[in-house]
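# Results of the structural survey
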Amino acid sequence: MLQGSNILGHERPLVIRVSFTTCVLGTVCLPLLGLITCVFISSVFHFEDSTGTHCQVPNYLPSISASISLSPECHIWRFCIGLHSAPRFLVAFTYFRFYKMRFASRFPESPLSCLNLAFSISENLGLLLLTYVSSSETYFVHKEGFVLFIISSLIYMGITCRLWKTIKKYSLSPEDAKSHHWKVRFLLLNISFCAFAGFFYWKHNMYCESGSYTLFALFEYLVVFSNMAFHLTAVWDFKSREVMVISSSEDKDF
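Residues numbered from 1 in each chain as written. Predicted model: local features only at pLDDT ≥ 70, side-chain atom pairs only at ≥ 80, totals over all residues. Heavy atoms only, no water.

## Remarks on the overall build of the chain
Along the chain, the regular secondary structure elements total 9 helices and 5 strands. Secondary structure elements of the chain occur, N-terminal to C-terminal, as β-β-β-β-α-α-α-α-α-α-α-α-α-β. Principal axes of the C-alpha set define a box for the chain whose edges measure 75 × 55 × 30 Å. Buried positions account for 44% of the 254 residues belonging to the chain. The long-range share in the chain, meaning contacts at least 24 apart out of those at least 6 apart in sequence, stands at 75%. (Helix = DSSP H or I, 4+ residues; strand = E, 2+ residues; numbered from the N terminus. Buried < 20%, exposed > 50% of the residue type's maximum accessible area, 1.4 Å probe, protein only. Contact = heavy atoms within 4.5 Å.)

Given below as structure tokens:
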């Protein structure tokens, strides 16, 4: 929503209002649509390049790293991640302010709020690193970015569930209980998918079995989807909030 007017020659500030729900949905949908598009293009137009590995055995799904390292897939992915990164930081600081107001000097929730912010930022930085340094360019840097993303996201989700356990305990709102309920389940799913992805990646590299890399890619998708679903629970946490952008109003004489 846009608001602004001119009263008696004085221009009022322009105010842009966006519901927090819309902001969260947009932030989650950008990488989701980007990933689906990249995997689709890789599977249809670059199947051999995106599924081939050093084992040279049949595979049927491209990994995320392979999908986002080809062209034009890498440009699509970088556009989506770059566009969604600023709102991600906004959401991280919104949660931090919410926790600090909620817990004030309470221990251990107050220091956990600071850790939560740190790992949220670290998760986003890891995602940016693995996005803008593809596996075909500098594999080591891309790999470290992926590890930073996975570890940071798991710790972030764990701390978030711990904080919302306390919130649910003292809250009468059914939305808070629902939010905690689904956060815990998405965290458990994410951990399970990470374990399966790691197992099939190890199995592929160790035994070069046909289909192991395909199962690794499948569980890698599920890791990302469960991560997105976890972040989507912010819709319940800030359902009535709005994001506002206000332009400054200055009188200028020439």
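The discussion continues.
## Here's the deal with the pattern of salt bridges
As enumerated under the stated definition, the model contains 6 salt bridges in all. The residue arginine 88 makes a salt bridge to glutamate 123 at a minimum N-O spacing of 3.5 Å. A residue pair is termed long-range when its members are at least 10 positions apart, and arginine 88 in helix α4 (residues 73-103) and glutamate 123 in helix α5 (residues 109-132) qualify at 35 residues. No difference in accessibility class separates arginine 88 from glutamate 123, as the two residues are buried. (Salt bridge = Lys/Arg side-chain N within 4 Å of Asp/Glu carboxyl O.)

## A word on the state of the cysteines
For the structure on display, the rule yields 1 disulfide. For cysteine 23, which is in no disulfide, the shortest distance to another cysteine sulfur is to cysteine 29 and amounts to 12 Å. Cysteine cysteine 38 is unpaired, with the sulfur of cysteine 80 as its nearest cysteine sulfur at 7.0 Å. Judged by its relative accessible area of 0%, cysteine 38 is buried. (Disulfide = S-S within 2.5 Å.)

## Observations regarding the nonpolar core
Residues Trp77, Tyr95 and Tyr99 are the most contacted members of the largest nonpolar core, which totals 50 residues. Sorting the residues of this core by element identifies α1 (20-45), α3 (64-67), α4, α5, α6 (139-170), α7 (174-207), α8 (212-232) and α9 (234-237) as the ones contributing at least two each. At 10 residues, α8 tops the list of elements feeding residues into this core. In this view, tyrosine 95 contacts Tyr156, Trp164, Lys183, Thr233, Ala234, Asp237 and Phe238; residues no more than four positions away in its chain are not counted. (Core = buried A, V, L, I, M, F, W, Y, C linked by side-chain atoms within 4.5 Å.)

## Re a positive patch on the surface
A cluster of like positive charges, contributed by Lys165, Lys168, Lys169 and Arg185, occupies part of the molecular surface. Examining the composition of the positive patch, we find that 3 residues originate from one element, α6, more than from any other. By secondary structure assignment, the location of lysine 169 is in helix α6. Judged by relative accessible area, which is 63%, lysine 169 ranks as exposed. (Patch = residues over 30% accessible without salt bridge, like charges linked within 9 Å, V, L, I, M, F, W, Y side chains within 5 Å. Areas by Shrake-Rupley, 256 points an atom, 1.4 Å probe, with all protein chains shown as cover. Lys, Arg positive; Asp, Glu negative; His and termini not counted. Charge placed at Lys NZ, Arg CZ, Asp CG, Glu CD.)

## A closer look at the environment of phenylalanine 103
Counting through the fold element by element, phenylalanine 103 comes out in helix α4. Here phenylalanine 103 falls in the buried class, since its relative accessible area comes to 6%. Sequence-wise, phenylalanine 103 and isoleucine 167 are 64 residues apart; in three dimensions their C-alpha atoms are separated by 9.2 Å. Apart from residues lying up to four places away in sequence, phenylalanine 103 is in contact with Glu109, Ser110, Ser113, Leu163, Thr166 and Ile167.

## Some points on the environment of phenylalanine 93
Inspection of the secondary structure assignment puts phenylalanine 93 in helix α4. You can call phenylalanine 93 partly exposed: its relative accessible area is 44%. For the pair phenylalanine 93 and asparagine 116, spaced 23 residues apart in sequence, the C-alpha to C-alpha distance is 9.9 Å. With near-sequence residues (within four places) excluded, phenylalanine 93 lies in contact with Leu117 and Ile121.

## Overview of α4
In an α-helix, one turn spans 3.6 residues, which is why side chains three or four residues apart end up on the same side. Taking 1.5 Å as the rise per residue, α4 with 31 residues should run 45 Å; its terminal C-alpha atoms sit 43 Å apart, in good agreement. Its maximal kink placed at serine 85, α4 deviates by approximately 35°, while the proline proline 87 follows within four residues. Backbone geometry just after α4 places alanine 104 at a positive phi near 50°. (Expected span 1.5 Å × (residues − 1). Bend = angle between axes of the 7 residues up to and from the residue.)

## Some details on the packing of α6 against α8
Orientation of α6 relative to α8, taken along the N-to-C sense of each, is 40°, at an axis distance of 12 Å. Here α6 lies oblique to α8, going by the angle between them. α8 is crossed by α6, and the crossing has left-handed handedness. Residues Phe146, Phe149, Ile150, Ser153, Tyr156, Met157, Thr160 and Cys161 of α6 form the contact with α8, whose own contacting residues are Glu220, Val223, Asn227, Phe230 and His231. In terms of residue class, the contact of α6 with α8 is built from 8 nonpolar, 4 polar and 1 charged. (Axes fitted to C-alpha atoms, helices over the stretch in contact; angles between N-to-C directions. Parallel < 35°, antiparallel > 145°, perpendicular 65-115°, else oblique. Left-handed = near helix turned anticlockwise from the far one by under 90°. Nonpolar A, V, L, I, M, F, W, Y, C, P; charged D, E, K, R; others polar.)

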